[in-house]
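For reference, the chains in residue letters:
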Amino acid sequence: MSEQSVLYDVPGPRAKRRDVILNVVFTAAFLVLIGFVVMSLYRRGVFDDRWQVLWDPPKSQSAGDVWGSLLRGIRATLLAAAIAAPMALTLGILVSTLRRGLRFKVSRGSMAVITELARGLPVLLLMFFARFVLGWEPLWSVVFGLVVYNAAVVAEIVRAGLAALPKGQREAGLSIGLSPMRTTLAIELPQAIRIMLPALVSQLVVLLKDSSLGYIVSYEELLRIMKTNRDFFGDRYTIPLFVVGAGIYITINIVVSRLAIRLESRMRRSQHVARTVSGEAPEPHTAPGVTAPTLQAAPKRRGP
Amino acid sequence: METFIEEFGLIWGGFLATLSLAAVAGALALALGTVLAAFRVSPVGPLRTFGTLYVEIVRNTPLTLMFFFWVFVVPSLGFVPELGFQTSIIALTLYTSAFVCEALRAGINSVGVGQAEAARSLGFTFGQTLSQVVLPQAWRTSVPPLISVLIALVKNTSVAAGFAFTEMVAISKRLTNLHASDAIFIFFGIGVMYLLITIPLGILASRIERKVAFAR
């Protein structure tokens, strides 16, 4: 409320009164709406004994069976992400380093083409390719899709970080006689990764979210387990199972997103981050989306 | 390769299905996202809270989960959207609008407070400040990320393949089953079809970005 907005003046007495009235009106409207939704859910019997599936499930299953299967699902989801994330990071950093450090235009250009291609394809298509053309196991098909796409995005993030460094860093490296590749490896890369750390962490959220595409290539991850449980217990139990599964997904992702935000604010305060020409650390564009809209090539150089 | 040409009719149908999903969901998401962005920058507290909650939840939800919600959960509540195109549009629109909202909001936040102060001190009214000073600048900053969001949407339409809608990825799977030996060409061809949409959009985005870049 108190933060200065470009859109409005600091409110005077009349605007303050109006704001209070609008606040009350809209709060009331939302409460009525929520009440209405809850009531109609109640009429449909959403709050009846179907929630027992979570602690005393029917069909002679125990609560341990249900939760055990959900845990297996979480483990599978995290496993795919845990295999894919380091691979995507390594590959992405490798590609962007080659793109920066190689001497020949042709090799740099081919790196650019590879990233563009990998970024422009749907992750699901890549997974289908591994599953149906290469005939891989579901887990590895998921990992394949995640690695190819996210490596390309990581490469773009790191490239933006490299482009945002002050020019003097590279010049200094070259002038003390380091080769372009060594300059990139020893001087530019550590700084670029550091300033782009928040963006890299938010890309992890995207990777984690994309692992749920495993549902479609029949990898037994959390969403697929939810579906299996629902098919077993019956349609009636969809809602409790969905609430639990969605809760797990959203919690994990929000925790990782928070981490990215914390890193970013730490970075702002840090003294050890290279400043750009205009004196401020470049803002990492966080990449949203299943298949995230990725970075705009290099951050704009802002005039003073 | 021949299979790709022989089956081109089918692939073309999938291509059009992908395009129409992206176009309809894109237009709806732009509209809904603008409303959400207006909520998030409005002076009315409850609207801001609603916008923030919506964006936080949707951005941290996998798209597959969103589809799952509309295909399996909502029908068990009694509202049964038509499976296929309709559910896909709903899921894609709701998902994408959160990202549209964030792109627009980031654009508005990137305009310096001094700009509006300068406009007001020159005697501009609220409407004039908004339409002649703030929004033109916000818009320029927002367009490239908005195009990125649309590119992501084009690729995201593929998730509909897992939920009973036949677009390009679903076609690729069907054709692979029919012509196992030519699978590689089919995938290659369909990959090219996606790139035909996404790469020009990407080039457009960087063009516009260069064109509208301005000193702050």
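Whatever comes next refers back to the structure up there.
Residues numbered from 1 in each chain as written. Chains lettered and ligands numbered in written order. Predicted model: local features only at pLDDT ≥ 70, side-chain atom pairs only at ≥ 80, totals over all residues. Heavy atoms only, no water.

The next point concerns the environment of A:Val148. Residue and element names in this part refer to chain A. Residue position: Val148 is located in helix 5 (residues 138-164). Along the chain, Val148 and Ala118 lie 30 residues apart, while their C-alpha atoms are 6.3 Å from each other. Not counting residues up to four positions away in its chain, the partners in contact with Val148 are Ala118 and Leu126. (Helix = DSSP H or I, 4+ residues; strand = E, 2+ residues; numbered from the N terminus. Contact = heavy atoms within 4.5 Å.)

We now examine the interface of chain A and chain B. The partner chain B presents 66 residues to the 59 residues of chain A that form the contact. Regarding the contact of chain A and chain B, the summed buried area is about 5600 Å², with carbon and sulfur atoms giving 71% of it. The salt bridge involving B:Glu56 is made with A:Arg258; its shortest N-O contact spans 3.4 Å. The interface formed by chain A and chain B contains nine residue pairs in polar contact (both at pLDDT 80 or more). (Buried area = accessible area lost by both parts, 1.4 Å probe. Salt bridge = Lys/Arg side-chain N within 4 Å of Asp/Glu carboxyl O. Polar contact = N/O pair within 3.5 Å; in protein donor to acceptor, adjacent residues only side chain to side chain.)

Along the polypeptide, B:Ala183 turns up in helix 9 (residues 183-212). Spatially, the C-alpha atom of B:Ala183 lies 8.4 Å from that of B:Ser172, the residues being 11 residues apart in sequence. The residues contacting B:Ala183, other than those within four sequence positions of it, are A:Val133 and B:Thr176.

Right, let's talk about the environment of A:Gly45 for a bit. Along the chain, A:Gly45 falls in the loop between helix 1 (13-43) and helix 2 (63-101). Along the sequence, A:Gly45 and A:Arg194 sit 149 residues apart, while their C-alpha atoms lie 52 Å from each other.

By size, the foremost hydrophobic cluster in this structure holds 111 residues, and its most contacted members are A:Ile216, B:Phe67, B:Phe68, B:Phe163 and B:Tyr194. Counting residues per element, this core draws most heavily on helix 5 of chain A, which supplies 12 residues. If sequence neighbours within four positions are ignored, B:Phe67 has contacts with B:Ser88, B:Ala91, B:Leu92, B:Val159, B:Ala160 and B:Phe163. In terms of nonpolar packing, the next biggest core, distinct from the first, is built from eight residues, A:Leu7, B:Ile108, B:Val111 and B:Val134 among them. (Core = buried A, V, L, I, M, F, W, Y, C linked by side-chain atoms within 4.5 Å. Buried < 20%, exposed > 50% of the residue type's maximum accessible area, 1.4 Å probe, protein only.)

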